[in-house]
Amino acid sequence: EKRLVVEYGNLDKMAFLIDEFIKFKVELLSEEINNHFQFAKFKLFDVQINGGISECCEVTYNGVSYSDLNNAARINTGLDIINTLCKLNDKFAPVIVDNSESVTNIMPTTSQMICLVVSAEDKTLRIEKGV
């Protein structure tokens, strides 16, 4: 029994060290990915009540979940993700921004941006060239 208690203690210590290593590795991975983005942050792992880690993928902006953001923050967060992916892959494609009338300050992109805006006074489609 004494030998089993000692062995159990050693195994428990190893399990603790493995868990600590995984948590450290998860933090490094999350930090490395999030360093590429200006505003958007990715929550890739969730720490459970028992201390375990479960995988997830949730976009946040200033600590707020994407699903809880207003339309303007969602648009700018999406543009940040698009800018980062374009830069990392050295590929640029036109970006269409719908409902852009709800955004007072649209984040600039390295790609061509097409903004769709609802305007009550316009009865027909109007196209304007921006800056």
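Cut-offs and rules
- Counting restarts for each chain, with residues numbered from 1 along the sequence as it is written.
- Only residues with pLDDT of at least 70 get local features here, since the model is predicted, and only at 80 or more are side-chain atom pairs given and counted; chain-wide, interface and lining totals rely on the full set of residues.
- The side-chain quantities take in all heavy atoms of the structure and omit both hydrogens and water.
- Pairing between strands requires that DSSP locate at least two bridges from one strand to the other.
- For the purposes of this entry, the term helix denotes a DSSP run of H or I that reaches at least four residues, the term strand denotes a run of E that reaches at least two, and both are numbered from the N terminus.
- Remark: exposure states derive from per-residue accessible area (1.4 Å probe, protein chains only) relative to the maximum for the residue type, with buried under 20%, exposed over 50%, and partly exposed in between.
- Expected helix span is computed as 1.5 Å times (number of residues minus one).
- Contacts are assigned to residue pairs that have any heavy atoms within 4.5 Å of one another.
- Whenever two N or O atoms come within 3.5 Å, that pair is a polar contact, provided that in protein one can donate a hydrogen and the other can accept it, and provided that, for residues adjacent in sequence, both atoms are side-chain atoms.
- Within this scheme, the nonpolar core is defined by two criteria: the residues are buried Ala, Val, Leu, Ile, Met, Phe, Trp, Tyr or Cys, and they are joined through side-chain atoms within 4.5 Å.

(A) Examining the pairing of strand E1 (residues 40-47) more closely. Sheet topology note: the E1/strand E2 (residues 53-61) ladder contains seven bridges and is antiparallel. Bridge pairing in E2 links Lys41 to Thr60. Hairpin connection, E1 to E2: the antiparallel pair is bridged by five residues, and Gly51 has positive phi, about 95°.

(B) Local environment of the environment of Gly63. Take Gly63: it is sitting in the loop between E2 and strand E3 (64-65). Here Gly63 falls in the exposed class, since its relative accessible area comes to 68%. As a C-alpha pair, Gly63 and Met107 span 44 residues in sequence and 19 Å in three-dimensional space.

(C) Just helix H1 (residues 2-34), in detail. Helix length check: H1, at 33 residues, gives a terminal C-alpha distance of 48 Å against a target of 48 Å (1.5 Å per residue), a fit within 8%. Three or more residues of H1 are buried, namely Val26, Ser30 and Asn34. Elements in contact with the buried residues of H1: E1 and E2.

(D) Molecular detail of the pairing of E2. Of the strand pairs in this sheet, E2 and E3 are connected by two bridges, and their pairing is antiparallel. For Tyr61, the partnering residue across the bridge sits in E3 and is Val64.

(E) Geometry of helix H2 (residues 71-89). Over its 19 residues, H2 runs 27 Å from end to end, which matches the ideal 27 Å to within 8%, given 1.5 Å per residue. Every buried residue of H2 is listed here: Ala72, Ala73, Ile75, Asn76, Thr77, Leu79, Asp80, Ile81, Asn83, Thr84 and Cys86. Tucked inside the fold, the buried residues of H2 contact E1, E2 and strand E4 (95-97). Measuring from the backbone nitrogen of Ala72 back to the side-chain oxygen at the start of H2 gives 3.2 Å, which picks out Asn70 as the cap. Backbone geometry just downstream of H2 places Asp90 in the positive-phi region, at approximately 55°.

(F) Molecular detail of the nonpolar core. One finds Ala72, Ile75, Leu79, Val95, Val97, Val103 and Met107 forming the largest nonpolar core, which totals seven residues. Every element with two or more residues in this core is listed here: H2 and E4. Filtering out sequence-adjacent residues up to four positions away, Ala72 remains in contact with Ser102 and Val103.

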